Amino acid sequence: MSEQRKLTSQSEDFSAWYLEAIQRAELMDYAPVRGCIVFRPEGYELWERIQAGLDARFKATGHRNAYFPMLIPESFMQKEKDHIEGFNPELPWVTEAGGEKLEERLALRPTSETIIGHMYSKWIQSYRDLPVLLNQWANVFRWEKRTLPFLRTSEFLWQEGHTAHADESEARAESMRMLDIYAEFAEREMAIPMVRGQKTPSERFAGAVDSYSIEGMMKDGKALQAGTSHYLGQNFARGFDIKFLDRDNQLKLVHTTSWGVSTRLIGALVMVHGDEKGVALPPRLAPTQVIMIPIGPPKLRERVMEKFDVVFAALRQANVRVRSDVSEATPGFKFNEWEMRGVPLRLELGPRDVESNHCVLVRRDTGEKITANLDTIAERVKTMLEDIQGNMYTRALAFRLAHSHRHVNTLAELHRHIAEKEAAGALAGWVLAGWCGDDACEAKIKEEVKFTSRNIPFDPPAKKSHCITCGAQAAFTLWLAKAY
RNA sequence: CGGGGUAUAGCGCAGCUUGGCUAGCGCGCCUGCUUUGGGAGCAGGAGGCCGCAGGUUCGAAUCCUGCUACCCCGACCA
């Protein structure tokens, strides 16, 4: 086997492994514009499946889709102070059109709170108009200094929900409900366990009162914010004058929320489940669930293919997403190729199988080879796909637990923890820490060890009593980790 | 934005120090035959404005100058 065909090992260079894996699996390719990528069909279909799963959940909770323009007038961006301060450095601007300089330059949206706020102020008059529950599927732009395919690109695809409510408690309930939907989707469909929690003020969305996130652990021990949900209070209502006349005939400002997940989830999928063989996809999300490969020399091929087609049809019939690879490449090449692309299950059918009315199934998650009777193949495959789905989740959860640490109480101990892990060639992972609530204490952690607060988990595995930095009484317990 | 690096076939690279090239290697690609239960073998073949623009020279992938792009490492981020 040529060395060139193998991927860089995850342990040797995780970042190089990731870049090779997503390109070899044809999920993406680099575009000619800095920081922009092309979503190739394999990658885009993953996004389509994520969209389908989430969209159904949004609809089921009363949301409807709409679409707002990509170009946002500069004056709109200015209306919420924190918002413009947060996003200004990363905005691309349109300054010229039709050969003439524009009177007011237009930003390519980094998110749509402002333009949606503007529209809400026109649409909302009375408490009877509330709540407004909208979502949009869109592309957004953020000119990041350092880009990484799927995780951080200049343009990305996402979904942004924007809701307006008559009172605070209803808006807060909405932001929590959507966070739960994200976590449920990630865990059930993507087989990625998530930690739900609240962002600290320094990590909060620009313009939010409270931000919440779901965080997942990647295989290099780093944390990835996989989804966010914000209670925006009346900040945008004030900026855009979104008022309604309440039952008591008082003019009031609405309370808004926003929440989103992006194509970053594709990166999470790869970084959570991928291994030395390449990408590995959970069956529920995999564009191809079963790859069928015929075995045998040409003189025996006809007999094999006869049965092969029957099995293929049976799986199709059972709604299994099955594909066959009848190319001229050798079986061994195909095995490696489809494992690299992440197909959860392989079905091999050769002359010996046809004789005995069996086939060989090979699991992507464990590598296990199973001989299966062809009479009941569809049922067997479906059961096995569910088993793989469950196993991938269980494994990802076990991995996170194994690399989550709660014995660290002081910054000195955190230094020691990181040094020890590094010396042992192990991952530093996540560290549970107490925090007094002071921004300076949080900033010091980042400064010293490059760990940032991920979130304040709703159900921490333990409560920490003292601030990791200053030693004062802890007001919060949070997860610290290196993050993407 | 600071520090470092790279730019030669679709991909990965060698050649540059010491100018002489009709630019080479591996993988991939095309054709044919033989192969087929873990990355097949043999034979033949296609494919290059050596990042761009200047300069030095009889002669530049190679030396000089200036651009541009990308990558890696640090400060900002779904």
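Residues numbered from 1 in each chain as written. Chains lettered and ligands numbered in written order. Predicted model: local features only at pLDDT ≥ 70, side-chain atom pairs only at ≥ 80, totals over all residues. Heavy atoms only, no water.

1. Looking at the pairing of strand β21 (residues 430–435)
Here is step 1: Of all the 6 residues making up β21, 6 are buried; the element is thus mostly covered by neighbouring parts of the structure.
Here is step 2: Of the strand pairs in this sheet, strand β20 (residues 404–405) and β21 are connected by 2 bridges, and their pairing is parallel. The residue of β21 that forms the bridge with S404 is W430.
Here is step 3: In this region the chain leaves β20, passes through helix α13 (residues 411–423) and returns to the parallel neighbour β21; the handedness of that crossover is right-handed.
Here is step 4: As defined by bridge partners, β21 adjoins strand β24 (residues 476–481) across 5 bridges and the pair is classed as antiparallel. From the neighbouring strand, L432 faces β24, where its bridge partner is W479. (Buried < 20%, exposed > 50% of the residue type's maximum accessible area, 1.4 Å probe, protein only. Helix = DSSP H or I, 4+ residues; strand = E, 2+ residues; numbered from the N terminus. Pairing = 2+ DSSP bridges. Right-handed = clockwise from strand over helix to strand, strands pointing away.)

2. Quick look at the pattern of salt bridges
Here is step 1: Under the counting rule described, the total for this entry stands at 30 salt bridges.
Here is step 2: Note that R363 and D387 form a salt bridge whose closest N and O atoms lie 2.7 Å from each other. Within this pair, whereas R363 is found in strand β18 (residues 358–363), its partner D387 is found in helix α12 (residues 377–402), the two being separated by 24 residues in sequence.
Here is step 3: Between K444 and E448 there is a salt bridge, with its nearest N and O atoms 4.0 Å apart. You can see K444 and its partner E448 sitting in helix α14 (residues 439–449), 4 residues apart, about one turn around the helix.
Here is step 4: Salt bridges sharing partners connect three or more residues here, namely R57, E184, R188 and E189. (Salt bridge = Lys/Arg side-chain N within 4 Å of Asp/Glu carboxyl O.)

3. Focus on the sheet that holds β20
Here is step 1: Pairing is mixed in the open sheet, where 4 strands are placed in the order β20-β21-β24-β22. Strands with a single pairing partner mark the edges of an open sheet, and in this sheet they are β20 and β22 (452–453).
Here is step 2: As judged from the 2 bridges shared by β22 and β24, these two strands associate in the antiparallel manner. Bridging across to β24, T452 finds its partner in A481.

4. Comments concerning the packing of helix α2 (residues 41–60) against helix α8 (residues 264–273)
Here is step 1: Orientation of α2 relative to α8, taken along the N-to-C sense of each, is 110°, at an axis distance of 10 Å. Taken together, the axes of α2 and α8 are roughly perpendicular relative to one another. Facing α2, whose interface residues are G43, L46, W47 and I50, α8 presents L265, I266 and L269.
Here is step 2: Here the residues of the contact of α2 with α8 are counted per class, giving 6 nonpolar, 1 polar and no charged. (Axes fitted to C-alpha atoms, helices over the stretch in contact; angles between N-to-C directions. Parallel < 35°, antiparallel > 145°, perpendicular 65-115°, else oblique. Contact = heavy atoms within 4.5 Å. Nonpolar A, V, L, I, M, F, W, Y, C, P; charged D, E, K, R; others polar.)

5. Observations regarding α2
Here is step 1: Its 20 residues give α2 an end-to-end C-alpha distance of 28 Å, which sits within 8% of 28 Å, the value for a rise of 1.5 Å per residue.
Here is step 2: Those residues of α2 lying buried are E42, G43, L46, W47, I50, Q51, G53, L54, D55, R57 and F58.
Here is step 3: Just downstream of α2, G62 is the residue with a positive phi angle, here 90°. (Expected span 1.5 Å × (residues − 1).)

6. Observations regarding the environment of I192
Here is step 1: Relative to the helices and strands, I192 is located in the loop between α6 (168–188) and β9 (195–198).
Here is step 2: Residues I192 and L157 lie 35 residues apart in sequence; the distance between their C-alpha atoms is 20 Å.
Here is step 3: Once residues lying within four places of it in the same chain are set aside, the contact partners of I192 are A186, E187, A268, L269, V272, H273 and Y393.

7. Comments concerning the domain arrangement of chain A
Where interface size is quoted, it is often the accessible area lost as the parts come together.
Here is step 1: Domain boundaries assigned for chain A yield domain 1 (14–273), domain 2 (290–390) and domain 3 (404–481).
Here is step 2: Each partner contributes residues to the interface: domain 1 has 22 residues there, and domain 3 has 17 residues.
Here is step 3: Taken together, both faces of the contact between domain 1 and domain 3 bury some 1,500 Å²; the carbon and sulfur share is 61%.
Here is step 4: Contact with domain 3 buries area across many residues of domain 1, yet V195, T200 and M217 alone supply 29% of it, more than any other trio.
Here is step 5: At the junction of domain 1 with domain 3, the criterion picks out 2 salt bridges.
Here is step 6: Between R454 and E203 there is a salt bridge, with its nearest N and O atoms 3.9 Å apart.
Here is step 7: Elements with a minimum of two residues in the side of domain 1 that touches domain 3: α6, β9, β10 (210–217) and β11 (223–233). (Domains from an automatic or database assignment. Buried area = accessible area lost by both parts, 1.4 Å probe.)

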